[in-house]
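# Working through the structure, step by step
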Amino acid sequence: MSGRKRFVLSVMTVAGLLTLGVVVAPTASASVERDETPVRSGSPVSTVVETVVRVKIPLPASAGARPAACDWLSYLRYRHRDGPAESSAADKILVAQPGVLEGAGAFDAVARNTIVSAAAQGRHIEFWALDRRSNCLEDNRGVQAALAARNAKVAVDYYYRGTPVSGQRFAGYLGNDQVEFLQHVGLEQTVRDQFDLLVAELPEQRLRKQKVVCGGHSLGGILTAFFASWDFDGDAGTRADAGFNQCSGYFALDSQISTSLPDIAGSAQMMPAGMMPDPGLSFALVQAGLRTGVIPRALSAPAVINAETMNVLTLAGLAALVAPRAQSTLVDDLGENANLDTTMRLLLSKNLLTFLTGSPSAGDFRLTNEAALGALLDDNSQPLAFLQTSVGFFAGGKVADKEFPLPRNVSTIPVISGLAAMFGREARAIPDQPDGPLYAWRNYNGFRAGDGPVPNAADGTPFTTAGKEVTDIQQLARSMGEQPLDFTEDYFPTKIVTDISQSGADEIARNAVHRDGITANPTITLVAGDGLRGPDAPPAPFGFTVVAPGYQHLDVLTADRVQNNGRPEPVSTALATFVVTGRP
């Protein structure tokens, strides 16, 4: 945020700021320190205006030492260019909580598409994509400098070569002892951050109740349920402050409005060791573990899930954005690195032998930057269901079935069938010609009649079909590499999920007292047909349920405005109609 104007809003200064052309939201509370900066985007959905908003809402002193940036809350604000400039004048405002390891940038496509759909129905709405407070710990200087230079190597040099950006050198990824304050950033702080931000931006409770629609993706649905049931003034008898009275409705994106983690299918299996406390442990003992660092304060694993790998995903998206058809050099550029080598083996090995020997390695294949991004996140390659999108398929060379870490038919093996939600259900492929041709990427809309055949998997069926591909790989690259607030989240606070898993403890239950709040407002649940809950999942127990066929877990956020069947994107269309009419 260096170089951006920071100011204190007050009744006397708003008019002057508007005269100077500074972007403000005059409806914010007086005396709240706030800044709002326009975001330049290459999205073809150009009728939507995007800004990044920061509001100073400090953590309590009891949280201890932390960077100054962590006393600010941030979100991406989307609105239609023909709509009102003031949030209070919008017809509705959707406020979205991100999932685990996810930041505000992940909502870019669904936000834009929903706003355009609502405008087509005669309503101007806003979409606020929240960034968790812990994202203050990320150093995005390298990514932003590379984006400005349209050269991904600028970011690589910053993070891995010691090259300074604006006089600053990368200080390294933060260890457990450097994020000590995250032991205090749990469920209570997270829902209170949302409450405090809403109050700061929309001071009138009547207005919040009338206009705000609360929701989120994945874990964001769980957080929304706790927000709805939370009592924010410590007096359960006064209900104007209750979470459900800050919302006019709820939405869940491949999630549920529920306080139970298992209601997101497979969520328990997807939590790495050390994140989920033993059910027999007391709340106090878990807090002691966080305080001493025995339980990692930020979600981390030796490979795949840690701050460095999340940032490398961003670098892959950035490279695919600025040089989509150039040969990827990312693996070579990153150099020898045990964490990334293990991660690449886990994600990109053809079979167990390849994983164990490291041969052929990911660096032995020639891929374009788009193909490298697709290899990391497409559902026909990425083995972890919560990281899957449907962005197309490899082109330009021979592929083989990918049988690591588990085969496709895992759901038919009784002993491990429960892992299907973790590892997905699609046939997976891997390039099969090391030191061979340059593998390119066949985008999501390249599977129509006349576009050529799709390679077959070992069972004789095509690896994919047009109905299974929904996200433009360039939209995914924009969401990952272009946004000022990340698609990924480097330092997810472990305490959020340990608190949720121990929500029956007095320390949590004494605040989550408005259990009727979860069903107090109209609700829409938007399900990825091939996502975590699976194609046979029952509808949500209340409200409306809409299923998007062929979608994976991330597709509900990233899918393109126009689908291969020629119809508008179903998630944003149903969400906009729900917001406008009360029905999908």
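Just so you know, these numbers come straight off a predicted model, no measurement behind them.

What follows deals with the packing of aromatic side chains. Enumeration according to the criterion identifies 14 aromatic pairs in this entry. Pairing Phe 227 with Phe 232 gives two aromatic rings, centres 5.5 Å apart and planes at 50°, and the pair type is tilted. Ring-pair connections join several aromatic residues into one group, and the members of that group are Tyr 158, Tyr 159, Phe 170 and Tyr 173. Geometry around Trp 72 places Arg 54 over its ring, the cationic atom sitting 4.3 Å from the centre.

In this structure, Pro 360 follows Ser 359 across a cis peptide bond, with omega equal to -5°. Within the secondary structure, Pro 360 sits in the loop between α13 (352-357) and β9 (366-367). A cis amide bond links Phe 404 to the next residue, Pro 405, at an omega of 5°. One can find Pro 405 in the loop between β11 (399-401) and α15 (420-423). Backbone geometry places Asp 254, a non-glycine residue, at a positive phi of 45°. Its location among the elements puts Asp 254 in the loop between β8 (249-253) and α8 (267-270). Residue Asp 254 is classed as buried on the basis of its relative accessible area, which comes to 0%. Backbone geometry places Val 304, a non-glycine residue, at a positive phi of 70°.

The next thing to look at is the sheet that holds β9. Pairing within the open sheet is mixed, and its three strands lie in the order β9-β13-β10. The open sheet has two free edges, formed respectively by β9 and β10 (392-395), since each of these has just one partner strand. Where β10 meets strand β13 (residues 438-443), four bridges bridge the pair, whose relative direction is antiparallel. If you follow Phe 393 over to β13, its bridge partner there is Arg 442. Running over the sheet, helix α14 (residues 369-377) touches β9, β10 and β13 and is turned about 70° from β13.

Take the packing of helix α9 (residues 283-292) against helix α17 (residues 494-501) next. Contact pair α9 / α17: the axes reach a minimum separation of 11 Å and the direction vectors enclose 170°. Of the possible angle classes, the one that applies to α9 and α17 is roughly antiparallel. Only Thr 494, Lys 495, Thr 498 and Asp 499 of α17 make contact with α9, whose side of the interface consists of Phe 283, Val 286, Gln 287 and Leu 290. Split by residue class, the contact of α9 with α17 holds three nonpolar, three polar and two charged.

The subject of this paragraph is helix α20 (residues 570-581). The end-to-end C-alpha distance of α20, which contains twelve residues, comes to 16 Å, matching closely the 16 Å that a straight helix rising 1.5 Å per residue would cover. Capping the start of α20 is the job of one residue whose side-chain oxygen sits 2.9 Å from the backbone nitrogen of Val 571: Glu 569.

What follows concerns the nonpolar core. One broad rule of soluble globular proteins: the nonpolar side chains tend to lie buried together. Formed by 154 residues in total, the largest nonpolar core has its most connected members in Phe 127, Leu 219, Leu 373 and Ile 500. It is helix α10 (residues 307-322) that provides the largest number of residues to this core, a total of ten residues. Setting aside chain neighbours within four positions, we find Phe 127 in contact with Leu 76, Arg 77, Tyr 78, Leu 94, Ala 96, Phe 107, Val 110, Ala 111 and Ile 115. Phe 181, Leu 182, Ala 298 and Tyr 491 belong to the second largest nonpolar core, which has twelve residues in total.

The subject of this paragraph is the pairing of strand β6 (residues 125-131). The element β6 is extensively covered by neighbouring structure, given that seven of its seven residues are classed as buried. Both faces of β6 are covered, namely the face carrying Ile 125, Phe 127, Ala 129 and Asp 131 and the face carrying Glu 126, Trp 128 and Leu 130. The parallel pair strand β5 (residues 92-97) and β6 is bridged by helix α2 (residues 108-120), and the resulting crossover is right-handed.

Glancing now at the confidence of the model for the protein. Across the protein, pLDDT averages 91, with 90% of residues at or above 70. In the model, residues 1-29 has pLDDT below 50 throughout and makes 61 contacts with residues more than four positions away in sequence or in other chains. Predicted confidence is poor over residues 266-274, with pLDDT under 50, and the contacts of this stretch with residues over four places away or in other chains come to 18 contacts.

Further remarks concern the pattern of salt bridges. Enumeration over the complete set of coordinates arrives at 19 salt bridges. Taking the shortest distance from any N to any O, the salt bridge between Asp 35 and Arg 54 comes out at 3.0 Å. Of this pair, Asp 35 sits in strand β2 (residues 33-38) while Arg 54 sits in strand β3 (residues 48-56), and the two are 19 residues apart along the sequence. Of the two residues examined, Asp 35 and Arg 54, each falls in the buried class. Among the salt bridges present, the one from Arg 66 reaches Asp 71, with a minimum N-O distance of 3.0 Å. Under the relative-accessibility criterion, Arg 66 is labelled partly exposed at 22%. Judged by its relative accessible area of 14%, Asp 71 falls in the buried class.

Bringing the packing of helix α5 (residues 187-201) against helix α7 (residues 219-229) into the picture now. One way to put it is that α5 packs onto α7 with a least axis distance of 10 Å and a crossing angle of 70°. Our classification of the angle between α5 and α7 gives roughly perpendicular. Contacts between α5 and α7 involve Leu 187, Thr 190, Val 191, Gln 194, Phe 195 and Leu 198 from the first element and Leu 223, Phe 226 and Phe 227 from the second. Looking at the contact of α5 with α7 residue by residue, the class counts come to seven nonpolar, two polar and no charged.

We now examine the layout of surface pockets. The space that makes up the second largest pocket amounts to roughly 840 Å³. The wall of the second largest pocket is formed by 38 residues, among which Val 331, Ser 361, Ala 362, Gly 363 and Asp 364 lie closest to the centre. Those elements giving two or more residues to the lining of the second largest pocket turn out to be α10, α11 (330-334), α12 (338-348), β9, α14 and β12 (429-431). With five residues, the single largest contributor to the lining of the second largest pocket is α12.

Let us now look at the environment of Pro 522. Take Pro 522: it is sitting in the loop between α18 (506-509) and β14 (523-528). The spacing of Pro 522 and Arg 583 is 61 residues in sequence and 8.9 Å in space, taken between C-alpha atoms. Not counting the four nearest positions on each side in its chain, Pro 522 is found in contact with Ser 248, Gly 249, Tyr 250 and Phe 578.

What counts, and at which threshold
Residues numbered from 1 in each chain as written. Predicted model: local features only at pLDDT ≥ 70, side-chain atom pairs only at ≥ 80, totals over all residues. Heavy atoms only, no water. Phe/Tyr/Trp six-rings, centres within 6.5 Å; stacked < 30°, edge-to-face > 60°. Lys NZ or Arg CZ within 6 Å of the ring centre and 35° of its normal. Helix = DSSP H or I, 4+ residues; strand = E, 2+ residues; numbered from the N terminus. Buried < 20%, exposed > 50% of the residue type's maximum accessible area, 1.4 Å probe, protein only. Pairing = 2+ DSSP bridges. Contact = heavy atoms within 4.5 Å. Axes fitted to C-alpha atoms, helices over the stretch in contact; angles between N-to-C directions. Parallel < 35°, antiparallel > 145°, perpendicular 65-115°, else oblique. Nonpolar A, V, L, I, M, F, W, Y, C, P; charged D, E, K, R; others polar. Expected span 1.5 Å × (residues − 1). Polar contact = N/O pair within 3.5 Å; in protein donor to acceptor, adjacent residues only side chain to side chain. Core = buried A, V, L, I, M, F, W, Y, C linked by side-chain atoms within 4.5 Å. Right-handed = clockwise from strand over helix to strand, strands pointing away. pLDDT = per-residue confidence, 0-100. Salt bridge = Lys/Arg side-chain N within 4 Å of Asp/Glu carboxyl O. 1 Å grid on protein atoms, 1.4 Å probe; cavity = no way out; pocket = protein on both sides within 12 Å on 5 of 7 lines; lining within 4 Å. Points joined across faces, edges and corners; volume = space filled by probe spheres on them.

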